[in-house]
Amino acid sequence: MSQPILGLEAVETAIPGNAGLAALRDLATRVKWDRNELTVTVAAENIVAAARAVQAAGYNFFEDCTAADWYPSEPRFQVSYHIVSHTLKQRIRLAVMLSGDDPAIETITSVWPSANFYEREVFDLFGIRFTGHPNLTRIMMPTDWKGHPLRKDYPVEGYR
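Residues numbered from 1 in each chain as written. Predicted model: local features only at pLDDT ≥ 70, side-chain atom pairs only at ≥ 80, totals over all residues. Heavy atoms only, no water.

K.L.:
Would you mind going over the pattern of salt bridges in detail, with residue names and values included?
P.N.:
The full count for this structure, using the stated rule, is eight salt bridges. Across the pair E37 and R93 runs a salt bridge whose closest N-O atoms are separated by 2.9 Å. Here the residue E37 occupies a position in strand β3 (residues 37–42), and R93 occupies one in strand β6 (residues 90–98), the gap between them amounting to 56 residues. Of the charged contacts, one joins D69 and R76 as a salt bridge, the two residues approaching to 2.8 Å between their closest N and O atoms. We note that D69, like R76, is buried. Through salt bridges that share partners, D69, R76 and D153 make up one connected network. (Salt bridge = Lys/Arg side-chain N within 4 Å of Asp/Glu carboxyl O. Helix = DSSP H or I, 4+ residues; strand = E, 2+ residues; numbered from the N terminus. Buried < 20%, exposed > 50% of the residue type's maximum accessible area, 1.4 Å probe, protein only.)

K.L.:
I'd like a rundown of helix α3 (residues 47–56), residues and numbers included.
P.N.:
Residue pairs three or four apart in sequence face the same way in an α-helix, which turns once every 3.6 residues. Considered for burial, the residues of α3 that qualify are I47, V48, A50, A51, A53 and V54. Contacts from the buried residues of α3 go to α2 (19–23), β3, β5 (77–85), β6 and β7 (104–106). (Contact = heavy atoms within 4.5 Å.)

K.L.:
Just give me the short version of the pairing of β5, but keep the residues and values in it.
P.N.:
The two faces of a sheet get side chains in turn, since along a regular strand they alternate between them. With nine of nine residues buried, β5 lies mostly within the body of the structure. Note that β5 and β6 share nine bridges and pair antiparallel. From the neighbouring strand, S80 faces β6, where its bridge partner is A95. (Pairing = 2+ DSSP bridges.)

K.L.:
Can you tell me about the packing of aromatic side chains, naming the residues and giving the values?
P.N.:
If you walk through the whole model with that rule in mind, you get two aromatic pairs. Among the aromatic residues, ring-to-ring pairing joins F62, W112 and Y118 into one connected group. (Phe/Tyr/Trp six-rings, centres within 6.5 Å; stacked < 30°, edge-to-face > 60°.)

K.L.:
An account of the environment of V122 is requested, with residue identities and associated values reported.
P.N.:
Relative to the elements of secondary structure, V122 occurs in helix α4 (residues 115–126). Looking at V122, the relative accessible area reads 3%, which means it is buried. Sequence-wise, V122 and A68 are 54 residues apart; in three dimensions their C-alpha atoms are separated by 9.4 Å. Not counting residues up to four positions away in its chain, the partners in contact with V122 are C65, T66, A67, G127, I128 and F130.

K.L.:
Pulling in residues and values, what's your account of the sheet that holds β3?
P.N.:
If you trace the six strands from one edge of the open sheet to the other, you get β1-β2-β3-β6-β5-β4, paired in mixed fashion. With one partner strand each, in any of the chains shown, β1 (5–6) and β4 (61–69) form the two edges of the open sheet. Docked against the sheet, α3 engages β3, β5 and β6, running at close to 175° with respect to β6. Against the sheet, α4 engages β4 and β5, with an angle of about 10° to β4. (Axes fitted to C-alpha atoms, helices over the stretch in contact; angles between N-to-C directions.)

K.L.:
Mind laying out unusual backbone geometry, listing which residues take part and the relevant values?
P.N.:
Of the consecutive residues Y71 and P72, the connecting peptide bond is found in the cis state with omega at 10°. Along the polypeptide, P72 turns up in the loop between β4 and β5. At the junction of E74 and P75, the peptide bond is cis and its omega measures out at 0° in the coordinates. With a phi close to 55°, K89 is a non-glycine residue in the positive phi region. Note on K89: relative accessible area 73%, which makes it exposed.

Put into structure tokens, the structure is as follows:
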């Protein structure tokens, strides 16, 4: 099994001519190529610009958005966006790290309207707010549910 390739220049050498990597060159804070998957981490305030950049580079399909809770580490949350280019036959994962104190990030529904329900799911299950979202309400849990069940500090049997 090969080791992950880390760093912009090293990844550019490993996968020359990658359109997503070229589009995100100025926005990337971390780049990783591992198991034939490209992950580009960007600052939270740059997520909309990053989404527009990869869309302009030929990535035409927003696959999904999900999150991971790295509790007790800080930054606590990772929000991941999976995006595909059918014509280029390339995939890219945009990742954003968020603090556990007040996890919030701008919505990308202005770039990809299909992010709507994925962002609502992440909000509902992890408690990450998407500012500017057109309808940020619970989608999986009842509206009066207390807490966010995919957080690692959520009680196994719920709050009582």
